[in-house]
Amino acid sequence: MSVLAAVMTAPLAPVELREFPEPELAPGSALLRTLYSEVCGTDVHLWHGRLSGVPYPIIPGHVSVGLVDKLRGEMRTVNGEIVREGDRLVFFDVHRTCGRCRACTVTRTPTRCESRRVYGITDSAAEGLFGGWAEAIYLEPGVSAARLPDAVPAETYIGGGCGLITAMHIVDRAAISLGDTVLVQGTGAVGLSAIALARLAGATTVIAIGAPADRLELARAMGADVAIDLQRTDAAARLAAVRELTGGLGVDVAVEAAGSARAVEEAPELIRDGGRYVIAGHYTDAGPSSLNVHQQINRKHLEIRGCWGSEVGHFVRALRVLERYHAEIPWRAIGARTYTLAEVNEALADAEAMRLPKALVKPH
Ligand SMILES: [Zn+2]
Ligand SMILES: [Zn+2]
């Protein structure tokens with residue numbers, strides 16, 4: 001039996017459909033029949049060749065959900081349960097984090113581990129089915145997998161997808177306190193989940209800045225009190241709006257999920273003195289931002305924190321959040337349109353043009 005997969009052969013080249021042999025399973029591994037994968041902003045960056053160290057050709061699709069089709073030997077979930085054929089399984093895309101290096105042990109920054117590999121991003125198609133834009137995904141031994149809670153529809157999980165898991169990390173880094181005012185810059189998949197999680201974390205006012213108009217509507221549905229249209233306002237108008245919503249102070253915490261150097265330049269004015277700024281959207285190099293350090297950081301006593309990738313715990317806790325809140329928070333609506341494998345080039349083009357917050361891929 002062979003497996004059909006969509007392969008990104010090189011930056012800017014059209015994605016091609018290729019047949020792969022069904023892999024031989026190592027002990028403790030599984031083959032998933034893919035239910036859904038996604039096209040996110042990272043996939044657009046991959047297609048533009050803007051991520052370093054990508055071993056093209058690759059099978060993109062780093063966050064996915066599937067059914068266990070085949071198993072060899074014993075495989076356990078991160079929660080210790082035995083995996084069985086037919087289970088609805090999800091898995092953390094980052095694998096092979098070593099647990100021994102300086103990043104893993106001394107500085108406790110495992111998202112900076114140099115051994116770490118990511119399904120759909122840093123795994124080559126030459127090694128096999130390591131991406132979700134395929135009829136089947138190989139879960140190698142040691143991958144952190146979990147059963148998708150029964151109540152959570154697969155469409156809801158993938159609608160949240162990588163953006164939700166990243167936003168879990170953002171909220172940790174943001175250390176939001178009950179009663180905080182929070183600004184989220186960016187209304188893509190990461191920003192939309194950050195809005196919902198900031199609310200759950202206790203923010204009493206959540207302000208979003210983003211575009212286009214349909215995403216602002218979604219931002220409000222996700223929990224933003226106010227969604228400011230980036231395209232129809234200038235910086236002065238945004239500053240006035242944020243000041244007005246925060247008693248003239250600026251927000252306690254701001255989150256950058258826009259991937260824009262200009263957003264970073266704007267944020268310090270929108271944050272109160274002594275506030276906190278978490279930068280998560282610069283997953284690729286968006287170029288330098290210009291700040292007046294005296295006025296905007298030093299005298300302001302501003303705290304700036306980066307946020308790179310996510311850890312297994314964010315994935316596991318995201319599943320708990322979905323189990324509890326899937327009916328109340330419209331993650332499902334983020335995955336606005338579903339594409340077949342044959343339509344992935346169209347999906348990429350739609351994601352590139354920001355015609356939708358997220359494209360879903362349904363290989364069967
Ligand atoms: Zn390591
Ligand atoms: Zn992603």
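Small disclaimer: the values here were computed from a predicted structure and weren't measured.

Enquirer: Account for the side chain of His95, with residues named and values stated.
Expert: Along the chain, His95 turns up in strand 6 (residues 94–95). Here Asp123 takes part through its side chain, which lies 2.7 Å from a polar atom of the side chain of His95. Setting aside its immediate chain neighbours within four residues, His95 contacts Ser115, Arg116, Arg117, Val118, Tyr119, Asp123, Phe130, Glu140 and Val143.

Enquirer: With reference to specific residues and values, describe the coordination of the zinc ion (ligand 1).
Expert: Each protein donor to the zinc ion (ligand 1) is listed here as Cys98 (SG), Cys101 (SG), Cys104 (SG) and Cys113 (SG); together their distances run 2.3 to 2.4 Å. Summarised as a motif, the one-chain spacing of the donors to the zinc ion (ligand 1) is C-x2-C-x2-C-x8-C. In this structure Cys101 comes out as partly exposed when scored by relative accessible area, which is 23%. Among the residues examined, Cys104 registers a relative accessible area of 12% and is labelled buried.

Enquirer: Please provide a residue-by-residue account of the packing of helix 6 (residues 235–245) against helix 7 (residues 261–270), values included.
Expert: For the pair helix 6 and helix 7, the least separation of the axes is 10 Å and the interaxial angle reads 35 degrees. For the crossing formed where helix 6 meets helix 7, the hand is right-handed. For the pair formed by helix 6 and helix 7, the contact residues are Ala235, Arg238, Leu239, Val242 and Arg243 on the first element and Glu266, Glu269 and Leu270 on the second.

Enquirer: Describe in detail the pattern of salt bridges, supporting the description with residues and values.
Expert: Summed over all chains, the structure comprises 23 salt bridges. Several salt bridges converge on common partners, so that one network encompasses Arg337, Glu346, Asp350 and Arg355.

Enquirer: Please give an account of the pairing of strand 17 (residues 358–361) that cites residues and values.
Expert: Residue alternation in strand 17 divides its side chains into two sets, Lys358 and Leu360 and Ala359 and Val361, and both sets are buried. Pairing of strand 3 (residues 29–39) with strand 17, which is carried by 3 bridges, proceeds in the antiparallel orientation. Bridge pairing links Ser37 to Val361 in strand 17. Each parallel crossover has a hand, and for strand 16 (residues 335–339) linked through helix 10 (residues 344–352) to strand 17 it is right-handed.

Enquirer: I'd like a description of the packing of helix 4 (residues 189–200) against helix 5 (residues 213–222), backed by residues and values.
Expert: The geometry of helix 4 relative to helix 5 is characterised by a closest axis approach of 8 Å and an angle of 25 degrees between their N-to-C directions. With respect to their mutual orientation, helix 4 and helix 5 come out roughly parallel. For the pair helix 4 and helix 5, the crossing hand works out as right-handed. Contacts from Leu192, Ser193, Ile195 and Ala196 in helix 4 reach Arg215, Leu218, Ala219 and Met222 in helix 5. Looking at the contact of helix 4 with helix 5, its residues break down into 6 nonpolar, 1 polar and 1 charged.

Enquirer: Please give an account of helix 3 (residues 154–174) that cites residues and values.
Expert: Over its 21 residues, helix 3 extends 28 Å from the first C-alpha to the last, a length consistent with the 30 Å expected when each residue adds 1.5 Å. For helix 3, the principal kink sits at Gly161 and spans about 65 degrees. Of all 21 residues making up helix 3, 18 are buried, and the element is well covered by its neighbours. Downstream of helix 3 by one or two residues, Ala175 has phi in the positive range, about 45 degrees.

Enquirer: Could you give an account of the coordination of the zinc ion (ligand 2), naming the residues involved and the relevant values?
Expert: Looking at the zinc ion (ligand 2), the protein donor atoms are Cys40 (SG), His62 (NE2) and Cys162 (SG), and they sit 2.0 to 2.2 Å from it. Each donor residue of the zinc ion (ligand 2) belongs to the same chain, and together they define the spacing C-x21-H-x99-C. Of the two residues, His62 sits in the loop between helix 1 (41–47) and strand 4 (64–72) while Cys162 sits in helix 3, which places them 100 residues apart along the sequence. With respect to burial, His62 and Cys162 carry one shared label: buried.

Enquirer: Before we move on, could you go through the sheet that holds strand 12 (residues 226–229) and cite the residues and values that matter?
Expert: One open sheet holds the 6 strands; their spatial order is 12-11-10-13-14-15, and the pairing between them is parallel. Each of the sheet's edge strands pairs with one partner strand only, and the pair in question is strand 12 and strand 15 (303–306). This sheet shows a mean twist of 15 degrees between the axes of neighbouring strands, independent of strand direction. In terms of strand pairing, strand 11 (residues 205–210) meets strand 12 through 4 bridges, oriented parallel. The residue bridging Ala208 from the neighbouring strand is Ala227, located in strand 12. Helix 3 contacts strand 13 (251–256), strand 14 (271–279) and strand 15 of the sheet and is inclined by roughly 150 degrees relative to strand 14. Against the sheet, helix 7 contacts strand 10 (181–185), strand 11, strand 13 and strand 14, and its axis sits at roughly 150 degrees relative to strand 14.

Conventions used here
- Residues numbered from 1 in each chain as written.
- Chains lettered and ligands numbered in written order.
- Predicted model: local features only at pLDDT ≥ 70, side-chain atom pairs only at ≥ 80, totals over all residues.
- Heavy atoms only, no water.
- Helix = DSSP H or I, 4+ residues; strand = E, 2+ residues; numbered from the N terminus.
- Polar contact = N/O pair within 3.5 Å; in protein donor to acceptor, adjacent residues only side chain to side chain.
- Contact = heavy atoms within 4.5 Å.
- Donors = N, O, S within 2.8 Å, 3.2 Å for Na, K, Ca; no water.
- Buried < 20%, exposed > 50% of the residue type's maximum accessible area, 1.4 Å probe, protein only.
- Axes fitted to C-alpha atoms, helices over the stretch in contact; angles between N-to-C directions.
- Left-handed = near helix turned anticlockwise from the far one by under 90°.
- Salt bridge = Lys/Arg side-chain N within 4 Å of Asp/Glu carboxyl O.
- Pairing = 2+ DSSP bridges.
- Right-handed = clockwise from strand over helix to strand, strands pointing away.
- Parallel < 35°, antiparallel > 145°, perpendicular 65-115°, else oblique.
- Nonpolar A, V, L, I, M, F, W, Y, C, P; charged D, E, K, R; others polar.
- Expected span 1.5 Å × (residues − 1).
- Bend = angle between axes of the 7 residues up to and from the residue.

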